[in-house]
Amino acid sequence: MDIFGIDPRASSAEKLVPPTPLPHVSRRALARVRDRIEAPTTCPHCGECVGLVSNAEIYNGREYGDWPYVYLCTGCRAYVGLHPDTDLPLGTLADEETREARKSVKPGFMRICRERFGGDRSAAYSWLAERMDIETKACHFGFFDAYQCAQAERIIYESMTGRRARP
Ligand SMILES: [Zn+2]
């Protein structure tokens with residue numbers, strides 16, 4: 001997760017050439033993505049090459065969603081989706097363990113976000129970042145590994161219930 005901020009292509013005059021198999025890449029959509037990270041080229045889990053493919057490759061031959069593309073590791077098949085109308089990944093490549101961990105932490109986060117921060121996600125992420133001792137811009141579930149997800153889940157649980165989580 002090295003590059004944050006707005007994509008420079010969003011305001012450049014040069015013609016945007018979408019990488020295969022994307023039909024287009026939209027400047028407006030690029031500008032909407034804050035905290036972007038670079039497209040992955042090698043897998044953080046196994047080190048193999050990563051390709052940009054239709055998500056039919058992971059959903060049994062059927063494309064799924066409005067922007068049906070993923071970055072997919074050719075080795076361990078970890079993957080991550082893309083921000084709509086862009087070639088920007090939603091987060092880091094996730095293997096099954098990471099995907100499950102990210103899924104597991106989400107409901108608790110949504111709840112604390114709603115109940116304590118009036119639905120203000122940025123405020124909730126800042127709060128969580130401080131407790132996890134990481135920078136706010138690095139605090140997104142799409143960037144977390146399984147360990148960080150578990151850490152976040154514990155922090156949220158303890159804060160919501162006032163009880164210590166079982167280790
Ligand atoms: Zn891999």
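Read on for a plain summary of the structure. (Residues numbered from 1 in each chain as written. Predicted model: local features only at pLDDT ≥ 70, side-chain atom pairs only at ≥ 80, totals over all residues. Heavy atoms only, no water.)

**Focus on the pattern of salt bridges**
Pairs can form between side chains of opposite charge once their charged atoms are near each other.
1) Next: For the structure shown, the criterion picks out seven salt bridges.
2) Next: As a salt-bridge pair, R9 and D7 come within 2.9 Å of each other at their nearest N and O atoms.
3) Next: By relative accessible area, which is 3% here, D7 ends up buried.
4) Next: Two residues, D87 and R9, come together in a salt bridge whose shortest N-O distance is 2.9 Å. Note that D87 is positioned in the loop between β3 (79–81) and α2 (96–117) and R9 in the segment before α1 (27–32), a separation of 78 residues in sequence.
5) Next: Here R9 falls in the partly exposed class, since its relative accessible area comes to 25%.
6) Next: Each of D7, R9, R36, E38 and D87 takes part in a single network of salt bridges with overlapping partners. (Salt bridge = Lys/Arg side-chain N within 4 Å of Asp/Glu carboxyl O. Buried < 20%, exposed > 50% of the residue type's maximum accessible area, 1.4 Å probe, protein only. Helix = DSSP H or I, 4+ residues; strand = E, 2+ residues; numbered from the N terminus.)

**A short note on the packing of helix α3 (residues 121–132) against helix α4 (residues 146–161)**
1) Next: Packing of α3 against α4 leaves a shortest axis separation of 10 Å and a crossing angle of 110°. By the angle between their axes, α3 is roughly perpendicular relative to α4. Between α3, through W127, L128, R131 and M132, and α4, the contact on the second element is made entirely by Q148, Q151, A152, I155, I156 and S159.
2) Next: Here the contact of α3 with α4 is composed, by residue class, of six nonpolar, three polar and one charged. (Axes fitted to C-alpha atoms, helices over the stretch in contact; angles between N-to-C directions. Parallel < 35°, antiparallel > 145°, perpendicular 65-115°, else oblique. Contact = heavy atoms within 4.5 Å. Nonpolar A, V, L, I, M, F, W, Y, C, P; charged D, E, K, R; others polar.)

**Some points on the side chain of R36**
1) Next: Among the secondary structure elements, R36 is positioned in the loop between α1 and β1 (50–54).
2) Next: Separated by 3.2 Å, the side chains of R36 and E38 make a polar contact. (Polar contact = N/O pair within 3.5 Å; in protein donor to acceptor, adjacent residues only side chain to side chain.)

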